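Each chain, written out:
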Amino acid sequence: CVFPCVDHAEALRPEKAHAPEPLITEGMSANAIVRTYPETARVFARHGIWCGVDACDCLDELAWRHGLDVAQLLSELRAAAQAPEPDMMVPAGAA
C-alpha cells in the first residue's frame, strides 16, 4: 500500500454520510420554504395552507392560524425536504 494512512481513514469512514437536516425555521415564510424545498408544498396543501394567500406569513403564525403545532409542522416539512424527489427514486427490485 502506498498511502497506509488513507487506507486506514477509508476503513474508518461510515458507509453512508448523514445528510444535514434541512434548514427550515419557524421564522421562514411559506414562500421561502417552498422555493428552497419544493417537495414541502404537499405538506402545506395537506394542512390547508395555500401558499398563494399565506405565502408571506412566517411558519409559526401559519401554524397558529391553522390550529397546528409548529413543532410537528416543522418536523413534517423537514422530513419532506429530505425525501428524495419521486423521479430520483429507484423502483423496487431495480437496484
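See the structure printed just above.
Because the structure is predicted, anything quoted here is derived from the model rather than measured.

Helix and strand counts for the chain come out as five helices and zero strands. The helix and strand sequence of the chain, counted from the amino end, reads α-α-α-α-α. Burial analysis of the chain (95 residues in total) assigns 26% to the buried set. Across the chain, every contact between residues at least 6 apart in sequence was considered, and the portion connecting residues at least 24 apart equals 61%. Summed over all atoms, the accessible surface of the chain reaches about 6,900 Å², with 60% contributed by carbon and sulfur.

Before going further, it helps to examine the environment of I33. Its place among the elements puts I33 in helix 2 (residues 30-36). Look at I33 and you get buried, because its relative accessible area is 0%. As a C-alpha pair, I33 and L59 span 26 residues in sequence and 9.1 Å in three-dimensional space. Residues within four places of I33 in sequence aside, it is in contact with I24, M28, T40, F44, L59 and L77.

Turning to the nonpolar core, a few remarks are in order. Proteins that are soluble and globular tend to have nonpolar side chains buried together. Counting 18 residues, the largest nonpolar core has I24, I33, F44, L59, L73 and L77 as its most contacted members. For this core, the secondary structure elements donating two or more residues are helix 2, helix 3 (41-46), helix 4 (59-65) and helix 5 (70-82). Residue contributions to this core peak at six residues, all from helix 5. Setting aside residues up to four positions removed in sequence, L73 forms contacts with V43, H47, I49, L59, A63 and L68.

Next up on the list: the pattern of salt bridges. A complete count under the given rule lists three salt bridges for this structure. In this structure, E76 and R46 form a salt bridge, with 3.1 Å as the shortest nitrogen-oxygen distance. Remark: R46 occurs in helix 3 and E76 occurs in helix 5; sequence separation between them is 30 residues. Relative accessible area serves as the criterion here: at 56%, R46 is assigned to the exposed category. Because the salt bridges share partners, they merge into one network encompassing D57, E61 and R65.

What counts, and at which threshold
Residues numbered from 1 in each chain as written. Predicted model: local features only at pLDDT ≥ 70, side-chain atom pairs only at ≥ 80, totals over all residues. Heavy atoms only, no water. Helix = DSSP H or I, 4+ residues; strand = E, 2+ residues; numbered from the N terminus. Buried < 20%, exposed > 50% of the residue type's maximum accessible area, 1.4 Å probe, protein only. Contact = heavy atoms within 4.5 Å. Areas by Shrake-Rupley, 256 points an atom, 1.4 Å probe, with all protein chains shown as cover. Core = buried A, V, L, I, M, F, W, Y, C linked by side-chain atoms within 4.5 Å. Salt bridge = Lys/Arg side-chain N within 4 Å of Asp/Glu carboxyl O.

Keep in mind these numbers describe shape, not what the thing actually does.
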